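Descriptive structure summary
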Amino acid sequence: MSGDTTEEAARRRTFAVISHPDAGKSTLTEALALHAHAITSAGAVHGKSGRRGVSSDWMEMEQARGISVTSAVLQFPHRGQVMNLLDTPGHADFSEDTYRVLAAVDCAVMLVDAAKGLEEQTRKLFDVCRHRGVPVITFINKWDRPGRDALELLDEIESEFRLKPTPVTWPVGGPGHMRGLVDVRDPDRMLRYTRAPGGAKEAVEEVLDAAEAEQAVGADWEQAVEELSLLRETGGTYDPESFLAGKSTPVFFGAAISNIGVRLLLDAVVDMAPAPGPRPLADGGERPLDAPFSGLVFKVQANMDRSHRDRIAFVRVCSGVFERGMTVTRAATGKPFATKYAHSVFGQDRSSLETAYPGDVVGLVNAGALRVGDTLYAERKAVFPGMPTFAPEHFSVVRPVDIGRTKQFRRGIAQLDEEGVVQVLVSDRRGEQAPVLAAVGPMQFDVVQHRMENEFTAPVRLEPLPYSAARATDAVGAEQLNKSRLVHGEAMHRARDGVWLGLFPSKWHISSFEREFPDSPLEALIAAH
Ligand code: G4P
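As a starting point, this report considers the structure included with it. (Residues numbered from 1 in each chain as written. Predicted model: local features only at pLDDT ≥ 70, side-chain atom pairs only at ≥ 80, totals over all residues.)

The next thing to look at is the environment of arginine 316. The residue arginine 316 is located in strand S15 (residues 311–319) in this model. We classify arginine 316 as buried; it has 28 C-beta atoms within 10 Å. Not counting residues up to four positions away in its chain, the partners in contact with arginine 316 are Ala104, Gly295, Leu296, Phe298 and Val361. (Helix = DSSP H or I, 4+ residues; strand = E, 2+ residues; numbered from the N terminus. Buried ≥ 20, exposed ≤ 12 C-beta atoms within 10 Å, placed from the backbone. Contact = placed C-beta atoms within 7 Å.)

Our focus in this paragraph is the pairing of strand S31 (residues 500–504). For S31, the tally of buried residues reaches five of five residues, placing the bulk of the element in the interior. Here S31 shows two buried faces, one formed by Trp500, Gly502 and Phe504 and the other by Leu501 and Leu503. Both strand S29 (residues 469–473) and S31 contribute to a ladder of five bridges, which runs antiparallel. Considered in S31, the bridge of alanine 469 is made with phenylalanine 504. With four bridges joining them, strand S30 (residues 490–494) and S31 adopt antiparallel strand pairing. Residue pairing for S31: glutamate 490 is matched across the bridge by leucine 503. (Pairing = 2+ DSSP bridges.)

Once that is clear, we can look at the nonpolar core. Residues Leu102, Val105, Ala108, Val297 and Val315 are the most contacted members of the largest nonpolar core, which totals 141 residues. When near neighbours in sequence (up to four residues on either side) are disregarded, alanine 108 contacts Phe15, Ala16, Ile18, Leu102, Cys129, Val134 and Val136. (Core = buried A, V, L, I, M, F, W, Y, C linked by C-beta atoms within 7 Å.)

Read from one edge to the other, the open sheet built from seven strands follows the order S2-S3-S1-S4-S5-S11-S6, with strand pairing classed as mixed. The strands lining the two open edges of the sheet, one partner per strand, are strand S2 (73–78) and strand S6 (164–167). On average, each strand axis in the sheet is tilted by 30 degrees relative to the strand beside it, whichever way the strands run. Strand direction decides the pairing type here: strand S4 (residues 107–113) and strand S5 (residues 136–141), joined by six bridges, are parallel. If you follow alanine 108 over to S5, its bridge partner there is valine 136. Packing of helix H2 (residues 25–35) onto the sheet brings it into contact with strand S1 (12–19), S2, strand S3 (81–86), S4 and S5, and relative to S1 it is tilted by some 155 degrees. (Axes fitted to C-alpha atoms, helices over the stretch in contact; angles between N-to-C directions.)

Quick look at unusual backbone geometry now. Non-glycine residue lysine 142 carries a positive phi angle of around 65 degrees. Residue placement: lysine 142 occurs in the loop between S5 and helix H6 (150–161). For arginine 162, which is not glycine, the phi dihedral falls at a positive 50 degrees. Residue placement: arginine 162 occurs in the loop between H6 and S6. A residue is classified by how many C-beta atoms lie within 10 Å of it, and arginine 162, with 10 of them, is exposed.

By themselves, these observations are geometric and do not establish any function.
Set out below in C-alpha cells:
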C-alpha cells in the first residue's frame, strides 16, 4: 500500500494558473485540457461570451456577469501522469479564493499578457506563491497580437520580481508577427504552427531545421538565433534547482487562443513541476506521503448545484490514500466526518470518486461542518498550518432589512464568516448589532447579499465605510489607532478569532500612523489563528 502511495504521488502534478483578469486563463485552461484530450473541442469548459460552453451556474449573478466565481478542479491524464489543474476564480474580486487555492498546489503557471506585461493581480498572486514557496512557470500569452518586446518582458520579470527568467521556448518573429517557436533545448530547429480554424482544435505543429527555417522566415530566424545566443551568454538557461527554490522561472511563449506553445507548456508541467512531497505540519514536523490519509480543506463552496443546495468542501490529499466511504477525523474538533459523498468536481460535472492519492482534490458534499484551513486525517493525527488571510480593501456595515429576522441574520452572517465568504469584524464602538464586513473585492458583498436573501431569508442593507486598506495589529496598536481615530483610521477585531485589524482610508494614512507610532506592528498578511 505505501509503495503505491509514493508511486501514485510521483505521477501527480497539481498546479494552478495565476493571472490578471483577461490575460487568457480560461482560454489557456481549455487549451491545456484540449492537448491532454480531456476535452475534444476548446470552449467546453468555460462558457464565456461568444464561446460555446457549459458554464457553472451556481448563481444567477454569475451567469448575468459571465464570470466564473466558483473554484473547481480539472483532472486529466497526460504522458502517463495525472494532472490536477485547480481553477482559480478569474475575477479580481475573488482573489481571496485564489490565494487559498495556492495553498493546495505544488506549482503555478503565471500567465502574462504580452502587451500588458506584469499587472496588479499577477503581482499579488506572485507574492503569495513566493510566500508559500510555490515554484512558478511563466507563459507569455497572446504572442499573435502586437505587444512588448520579449527581452523587455523578461527584464520586467527579473527587476520587479527578483526572479531570473530562463526561457525554454523563444519566439521567432515579434509579437503580432509570430512565425514559430524555438525549443531552447533544441535550438537548431523551428516549430511552425498552423492554426486550426477558430482555435478549437490543436494547432498543427511542423518541425523545420535551421536551413528550412531560414528559408521560410529569413530575418526573423536570424534574429531569434542572435537573441538565443545572447540569452545563453547572460546565463538565462533553465536551472531546476533555482526554479524549485523560487529563484528562477522557466519562460514559455505562445498564443493560448490558437493552442500555440501550449503542448510545450503542458510537457513542462510534467517535466519540471514538482510532484507532491511531504507536507509541513503546524508543530514543525512533516507528514510523509505514505503516512495514513491526511488532507487540507482549501475551499468550501455553497450552492454549486441549486437542485442540491448543499455545501461542498474541496480537500487536497496530502498523504496516504483517500477511499470513498472512509471515516476521517476533523483535526479542529476531533470529530469524525463520513466521506460517503465524495466527488471529483469540475464545473458542474460531478462524478463519484473512489480513490484519491496525494496531490488529488476530493470534493466532499454535505460538508457543513468543514472550514477552510481544516485538516482531515485518518488513524494518525495531523494538523497543517492555518491559512493566512489577506488584508481586505472594502468594508461595509451590514444590517438586517427586517429587524424581525435578526436571528436568521446573525446565523447567516456567522455562517458566511466561517465559510470565508467575507471576514466579519466587530468594533466595540459600533457594537455587535452592526458588524462590519471586510472583503478583498466588492463582489464578495454581492455574494453575501444574494445568499442572505435567498438562503437565510434575511435580506441585508450594506453601508460602505470610507476605508480602503487594513493591517493586522495588536491590542496596543488597536488602542492607539482608536484614540487617534479621526486622524488615522479605526481598529476592529475579527469576530472569528479576535485578531485586531486597523482600517485606514488610504495607504498614506498607514504611513502616517506608522510614523507617529513606530512601535505598533502593522502586517499586510494576516496570520491564521
Ligand atoms: P481570463 O480567463 O484570464 O479572464 O481570460 P480569457 O481566457 O477569457 O481571455 C480574455 C480575452 O483574451 C478573450 O477575448 C480571449 O479570446 C483573448 N485571448 C486569450 N488568449 C489569447 C491569445 O493567445 N491571443 C489573442 N489574440 N487573444 C487571446 P474576449 O474578446 O474578451 O472574449 P471572447 O469573445 O474571445 O471569448
